[in-house]
Amino acid sequence: MTLAIFDLDGTLLSGDSDYTWGQFLVEKGLVDTQAYAKANDRFFQQYQSGTLDIHEYLAFSLAPLALFNNEELTQLHHTFMAEKITPMMQEKAKALLEHHKKQGHFLLMITATNQFVTGPIAEAMGMDHIIAPVPEIIEDRYTGNIVGIPSFQEGKVTRLNDWLAETGHSMEGSYFYSDSRNDLPLLELVTHPVAVDADPTLTDIAKERGWPHISLRD
């Protein structure tokens, strides 16, 4: 099956689920609001500039998960989906996913946002599989730590190659849609790289290399 690979934040969504989850925690008063909001903004700016230390960021973003049990987290995520994520879902993105699905392509989401946040989003979008940073769970509780290699920058390629080896899927004829300079290593790997509402750096690279640049904004 041909792989149709998708970034999530800023690509299929009109916003960033990771950053918005941080804002959501602040709005609900579930973290130290001033300090957490300031750090959340700082990390998001680093991500946009391509300078983010993913391990430092994950230590920050996963720490709140350890404060709640699974039932509480499930309810929080339901509220988060309804209040924040559903409004970010784009009709053109849904149409693009349906286009690939009708062609019999395998829909694969690869995101740097942790699986607690993104797993339900991928399911709602009808993805066949998701590759995302995996939060550690011990005795049915999140620890605030990460398991394995985060799927960020070159880590997306590493995680994808591991998954290809496990499943036997091929990169022949593959597509990858992304908005971010951080995804250049994976864009260079696929058969059909597509820039989507891209940041200035990726926009320039797409123009230089003759890659398609599309918009999914409604």
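As a reminder, the structure under discussion sits directly above these lines.
What counts and how
Residues numbered from 1 in each chain as written. Predicted model: local features only at pLDDT ≥ 70, side-chain atom pairs only at ≥ 80, totals over all residues. Heavy atoms only, no water. Helix = DSSP H or I, 4+ residues; strand = E, 2+ residues; numbered from the N terminus. Rg over C-alpha atoms; globule rule 2.2 N^0.38 Å. Buried < 20%, exposed > 50% of the residue type's maximum accessible area, 1.4 Å probe, protein only. Contact = heavy atoms within 4.5 Å. Areas by Shrake-Rupley, 256 points an atom, 1.4 Å probe, with all protein chains shown as cover. Lys, Arg positive; Asp, Glu negative; His and termini not counted. Charge placed at Lys NZ, Arg CZ, Asp CG, Glu CD. 1 Å grid on protein atoms, 1.4 Å probe; cavity = no way out; pocket = protein on both sides within 12 Å on 5 of 7 lines; lining within 4 Å. Points joined across faces, edges and corners; volume = space filled by probe spheres on them. Nonpolar A, V, L, I, M, F, W, Y, C, P; charged D, E, K, R; others polar. Pairing = 2+ DSSP bridges. Right-handed = clockwise from strand over helix to strand, strands pointing away. Phe/Tyr/Trp six-rings, centres within 6.5 Å; stacked < 30°, edge-to-face > 60°. Lys NZ or Arg CZ within 6 Å of the ring centre and 35° of its normal. Polar contact = N/O pair within 3.5 Å; in protein donor to acceptor, adjacent residues only side chain to side chain.

K.L.:
So, the overall build of the protein: which residues are in play, and what are the values?
P.N.:
On a plain count of helices and strands, the protein comes out with 10 helices and 8 strands. Taken over C-alpha atoms, the radius of gyration comes to 17 Å for the protein, in line with the 17 Å a tight globule of 218 residues would show. A principal-axis box enclosing the C-alpha atoms of the protein has dimensions of 45 × 35 × 30 Å. When each of the 218 residues of the protein is scored for burial, the buried share is 51%. Put simply, of all contacts in the protein between residues at least 6 apart along the chain, 59% involve residues at least 24 apart. Element-wise, carbon and sulfur atoms account for 50% of the exposed surface of the protein, whose accessible area totals about 10100 Å². Positive and negative side-chain charges in the protein, numbering 15 and 31 respectively, have mean positions lying 6 Å apart.

K.L.:
Please provide a residue-by-residue account of the layout of surface pockets, values included.
P.N.:
Considered as a void within the structure, the largest pocket measures approximately 210 Å³ in volume. Lining the largest pocket are 13 residues, with Gly10, Phe44, Tyr47, Gln48 and Asp179 sitting closest to its centre. Among the elements of the structure, helix H1 (8-12) and helix H3 (33-49) are those that each provide at least two residues to the lining of the largest pocket. Take the lining of the largest pocket: its biggest share by element is 3 residues, from H3. The class makeup of the residues in the lining of the largest pocket is 2 nonpolar, 5 polar and 6 charged. Taken as a whole, the second largest pocket encloses approximately 150 Å³ of empty space.

K.L.:
Just give me the short version of the side chain of histidine 77, but keep the residues and values in it.
P.N.:
You can see histidine 77 is positioned in helix H5 (residues 70-85). For histidine 77, the contacting residues outside a window of four places in its chain are Phe116, Val117 and Pro120.

K.L.:
Give me the sheet that holds strand S6 (residues 175-178): which residues, what numbers.
P.N.:
As summarised here, the arrangement of the 6 strands in space is S3-S2-S1-S6-S7-S8, forming an open sheet in which the pairing is parallel. Where the open sheet ends on each side, the last strands, each with one partner, are strand S3 (129-131) and strand S8 (213-214).

K.L.:
Quick one: what's the story with empty space enclosed by the protein, residue by residue and with numbers?
P.N.:
Scanning all chains against the criterion turns up 1 cavity of 30 Å³ or more. Approximately 210 Å³ is the volume found for the largest cavity. Those elements that provide at least two residues to the lining of the largest cavity are helix H2 (17-27), H3 and helix H4 (54-62). Of the residues forming the lining of the largest cavity, the biggest block, 4 residues, is contributed by H3. Broken down by class, the residue content of the lining of the largest cavity amounts to 9 nonpolar, 4 polar and 6 charged.

K.L.:
Provide a residue-level description of the pairing of strand S7 (residues 192-196), including the pertinent values.
P.N.:
Across the 5 residues that make up S7, a large majority, 4, are buried. In the sheet, S6 pairs with S7 via 4 bridges, with the strands oriented parallel. Paired with tyrosine 175 across the two strands is histidine 192, which belongs to S7. Regarding topology, helix H10 (residues 200-209) serves as the crossover connection from S7 to the parallel S8, and that connection is right-handed.

K.L.:
For the packing of aromatic side chains, give the residues involved together with the corresponding values.
P.N.:
Tallied over the entire structure, the rule returns 14 aromatic pairs. Relative to phenylalanine 60, the ring of tyrosine 36 has its centre 4.2 Å away and its plane inclined at 25 degrees; by these criteria the two rings are stacked. Remark: phenylalanine 60 occurs in helix H4 and tyrosine 36 occurs in helix H3; sequence separation between them is 24 residues. The pair formed by tyrosine 36 and phenylalanine 60 is uniform in burial state, with each residue classed as buried. One cation-aromatic arrangement involves arginine 42 over phenylalanine 43; the distance from NZ or CZ to the ring centre is 4.5 Å.

K.L.:
Explain the environment of glutamate 188 to me, and be specific about the residues and the numbers.
P.N.:
Within the secondary structure layout, glutamate 188 lies in the loop between helix H9 (184-187) and S7. When its relative accessible area of 46% is taken as the criterion, glutamate 188 is described as partly exposed. Sequence spacing of glutamate 188 and valine 157 is 31 residues, and the spatial spacing of their C-alpha atoms is 10.0 Å. If near-sequence neighbours (up to four positions away) are discounted, glutamate 188 is found in contact with Arg209 and Trp211. Only 2.8 Å separates the side chain of glutamate 188 from the side chain of arginine 209, close enough to count as a polar contact.

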